[in-house]
Protein chains: 2
Amino acid sequence: MKKESTTRYAILGLLTYRSGSGYDLKQAFHKPLGYFWDESYGQIYPALKQLLAEGSVKLVSGDSPGRREKKVYAITPKGEKELSVWLAAPTQADRPRLEVLLKLFFSQDGEVSIPLGHLRDVETRHQKLLEEYAAIERLLLGLPQQGHTPFQLITLRCGIRQSEAMAAWARESMALLEGGILSETARPPEGRKN
Amino acid sequence: MKKESTTRYAILGLLTYRSGSGYDLKQAFHKPLGYFWDESYGQIYPALKQLLAEGSVKLVSGDSPGRREKKVYAITPKGEKELSVWLAAPTQADRPRLEVLLKLFFSQDGEVSIPLGHLRDVETRHQKLLEEYAAIERLLLGLPQQGHTPFQLITLRCGIRQSEAMAAWARESMALLEGGILSETARPPEGRKN
DNA sequence: CTCAGCATGTAAGCTGTTACATGATTCC
DNA sequence: GGAATCATGTAACAGCTTACATGCTGAG
């Protein structure tokens, strides 16, 4: 049962958008994908090496003559096939590990300021994320239709939904802890729509 | 910069609830905590060994005479101190890695049935989770006040919010893909090459 | 008797991060 | 000249999973 690291597929997927070097890939992971996926150089370069050895990727370098010899990789038909197999395979739930929930779960009743601080952090973090998402959404929607796929919009919306949920949860939980009224009225209506 | 594996704190935290063996801890990770944290035996036993060596945990075994010699661990004052330091430290954002988003992001416009299947999986998975959460919530709220801490309720609510958000997002995205509201125009260009 | 559950642990191996080593080019 | 950025890689280590090895007890 080979675990088949996801890194290789992330690389192959990016290369279907455009060919690029290890450095380019890392940049791509930083900018648009970084919100839900990231890889370090320590993953990327060895993975590229292996993909090259297996023929899922080929070198098309030689361009950009000025710099140090940039190695530009492109996906091969074999790589495309491999990717499409992976794309079609069902994804099983990845175990969520939310460290902040561990901290809250183990908090003591008396000392409420510490968990409140954690919740505040969560709220500001996701509020900030929401601003970034909104900027990206404006950008995508402002583009002509061929500038984006529905899938880019969909992944973005996932981040937005998640961050909205986390921010709302953090606010709700802070109120609960501050008010100290916990059992009688479990929660105000607060209808999430859809 | 020691990363200080979270495993040790998860163990210490559980031991503040009640003493137990490695096996007991694993069960605890399975049942109530499993929704947002999990550890394998391969993590737990070595961690317990190390915690014992460091004096953050002590053996209080000797009970349950029938079985194979069950090693029951309890947290020590030193362990409690260590835990409270960790509890107070701010949590930094853990990079989310959502494999299903990768798959959606790399999907091709034409073949819509595959991403639809992934979204359907997400929806049913979180719908099922929501049912489990609801059962736990009923259980917690039905208990007398000392039966639960507000923190247990808070962590549970986080799971609920998250799953609501994911299920809603999946439904919304399926509608978008099926309706083709924007895919009708966004199809032909398809600029994919170097 | 057999199977499920209780119970402890180890070893191999993959995944992933961080720090390090190296060097070119561009802009100030 | 110096800093930032481009660019490629390796080595050491930490985290984590999986498979394996072992053996008990109770229920059917």
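Residues numbered from 1 in each chain as written. Chains lettered and ligands numbered in written order. Predicted model: local features only at pLDDT ≥ 70, side-chain atom pairs only at ≥ 80, totals over all residues. Heavy atoms only, no water.

## Quick word on the confidence of the model for chain A
Then comes step 1: Confidence in the prediction of chain A, expressed as mean pLDDT, is 86, and 85% of residues score 70 or more.
Then comes step 2: No element of chain A has a lower mean pLDDT than helix α2 (residues 22-30) of chain A, which averages 91, and none a higher one than strand β2 (residues 73-75) of chain A, which averages 96. (pLDDT = per-residue confidence, 0-100. Helix = DSSP H or I, 4+ residues; strand = E, 2+ residues; numbered from the N terminus.)

## Re the packing of helix α6 (residues 113-142) of chain A against helix α7 (residues 150-179) of chain A
Residue and element names in this part refer to chain A.
Then comes step 1: Orientation of α6 relative to α7, taken along the N-to-C sense of each, is 155 degrees, at an axis distance of 8 Å. As judged from the angle between their axes, α6 and α7 are roughly antiparallel. Note on packing geometry: the crossing formed by α6 with α7 is left-handed.
Then comes step 2: Within the contact of α6 with α7, the residues separate by chemical class into 19 nonpolar, 6 polar and 7 charged. (Axes fitted to C-alpha atoms, helices over the stretch in contact; angles between N-to-C directions. Parallel < 35°, antiparallel > 145°, perpendicular 65-115°, else oblique. Left-handed = near helix turned anticlockwise from the far one by under 90°. Nonpolar A, V, L, I, M, F, W, Y, C, P; charged D, E, K, R; others polar.)

## Quick word on the relation of the copies chain B and chain A
Then comes step 1: With an RMSD of 0.1 Å, the fit of chain B onto chain A corresponds to turning through 180 degrees and sliding 0.0 Å along the axis. Here the two chains are linked by the operation of a two-fold rotation axis.
Then comes step 2: A shared binding surface is used by both copies, with 90% of the interface residues of chain B retained as interface residues in chain A. (Least-squares fit on C-alpha atoms with pLDDT ≥ 70 in both. Contact = heavy atoms within 4.5 Å.)

## Remarks on the environment of E39 of chain A
Then comes step 1: Here E39 of chain A is to be found in the loop between α2 and α3 (41-54).
Then comes step 2: Judged by its relative accessible area of 2%, E39 of chain A falls in the buried class.
Then comes step 3: It is 9.9 Å that separates the C-alpha atoms of E39 of chain A and A28 of chain A, two residues lying 11 residues apart in sequence.
Then comes step 4: Sequence-distant contacts of E39 of chain A, that is, excluding residues within four places in its chain, are made with T7, A10, K26, F29 and I44 of chain A together with R95 and R97 of chain B.
Then comes step 5: A polar contact of 3.3 Å, which involves the side chain of E39 of chain A, links it to the side chain of Q43 of chain A. (Buried < 20%, exposed > 50% of the residue type's maximum accessible area, 1.4 Å probe, protein only. Polar contact = N/O pair within 3.5 Å; in protein donor to acceptor, adjacent residues only side chain to side chain.)

## So, the nonpolar core
Then comes step 1: By size, the foremost hydrophobic cluster in this structure holds 40 residues, and its most contacted members are I11 and L33 of chain A together with L102, F106 and W169 of chain B.
Then comes step 2: In terms of residue count, the dominant contributor to this core is helix α1 (residues 6-17) of chain A (7 residues).
Then comes step 3: The residues contacting W169 of chain B, other than those within four sequence positions of it, are I154, R157, C158 and R161 of chain A together with L101, L104, L119 and V122 of chain B.
Then comes step 4: L102 of chain A together with L14, V57 and I75 of chain B belong to the second-largest nonpolar core, a separate cluster that totals 39 residues. (Core = buried A, V, L, I, M, F, W, Y, C linked by side-chain atoms within 4.5 Å.)

## Regarding the side chain of K26 of chain A
Then comes step 1: With respect to the secondary-structure elements, K26 of chain A resides in helix α2.
Then comes step 2: With near-sequence residues (within four places) excluded, K26 of chain A lies in contact with D38, E39, S40, Y41 and I44 of chain A.

## Structural notes on the pattern of salt bridges
Then comes step 1: Taken as a whole and assessed by the stated rule, the structure comprises 20 salt bridges over all chains.
Then comes step 2: Its salt-bridge partner being R157 of chain A, residue E137 of chain A comes within 3.9 Å of it at the nearest N-O pair. In this pair, E137 of chain A sits in helix α6 while R157 of chain A sits in helix α7, placing the two residues 20 residues apart along the sequence.
Then comes step 3: For R157 of chain A, the salt bridge goes to E172 of chain B, with nearest N and O atoms at 3.2 Å. Separated into two different chains, R157 of chain A in helix α7 and E172 of chain B in helix α7 (residues 150-179) make up a pair that spans both.
Then comes step 4: By relative accessible area, R157 of chain A is classed as partly exposed at 22%.
Then comes step 5: The network of salt bridges with shared partners includes E137, R157 and R161 of chain A together with E172 of chain B. (Salt bridge = Lys/Arg side-chain N within 4 Å of Asp/Glu carboxyl O.)

## With respect to the packing of aromatic side chains
Then comes step 1: Counted by the stated rule, this structure contains 16 aromatic pairs over all chains.
Then comes step 2: Measuring from centroid to centroid gives 5.7 Å for Y41 of chain A and Y45 of chain A, while their planes differ by 20 degrees, and the two rings are stacked. Residue Y41 of chain A and its partner Y45 of chain A are located together in helix α3, separated by 4 residues, close to a single helical turn.
Then comes step 3: In textbook terms, an aromatic cluster arises when at least three aromatic residues are bridged by ring pairs, as seen for Y17 and F36 of chain A together with F105 and F106 of chain B.
Then comes step 4: One Lys or Arg, R8 of chain A, reaches over the ring of Y9 of chain A and ends 6.0 Å from the middle of that ring. (Phe/Tyr/Trp six-rings, centres within 6.5 Å; stacked < 30°, edge-to-face > 60°. Lys NZ or Arg CZ within 6 Å of the ring centre and 35° of its normal.)

## A closer look at helix α1 (residues 6-17) of chain B
Then comes step 1: Over its 12 residues, α1 of chain B runs 17 Å from end to end, which matches the ideal 16 Å to within 8%, given 1.5 Å per residue.
Then comes step 2: Counting buried residues along α1 of chain B, 10 of its 12 residues qualify, which places the element largely inside the surrounding structure.
Then comes step 3: Among the residues making up α1 of chain B, those that are buried are T6, T7, R8, Y9, A10, I11, L12, G13, L14 and L15 of chain B.
Then comes step 4: Packing partners of the buried residues in α1 of chain B comprise α5 (99-105) of chain A together with α2 (22-30), α3 (41-54), β1 (57-59), β2 (73-75) and α4 (77-88) of chain B.
Then comes step 5: Sitting at the amino-terminal end of α1 of chain B is S5 of chain B, which places a side-chain oxygen 3.0 Å from the backbone nitrogen of T7 of chain B. (Expected span 1.5 Å × (residues − 1).)

## Examining the interface of chain B and chain A
Size of an interface: often given as the accessible area lost when the parts come together.
Then comes step 1: In this complex, chain B contributes 72 residues to the contact, which on the side of chain A involves 73 residues.
Then comes step 2: Of the roughly 7500 Å² buried at the junction of chain B and chain A (both faces included), carbon and sulfur atoms supply 65%.
Then comes step 3: Broken down residue by residue, the surface that chain B buries against chain A is led by F105, F151 and R161 of chain B, which jointly contribute 11%.
Then comes step 4: The tally of links between chain B and chain A comes to 6 salt bridges.
Then comes step 5: The salt bridge partner of E172 of chain A is R161 of chain B, with a shortest N-O separation of 2.6 Å. (Buried area = accessible area lost by both parts, 1.4 Å probe.)

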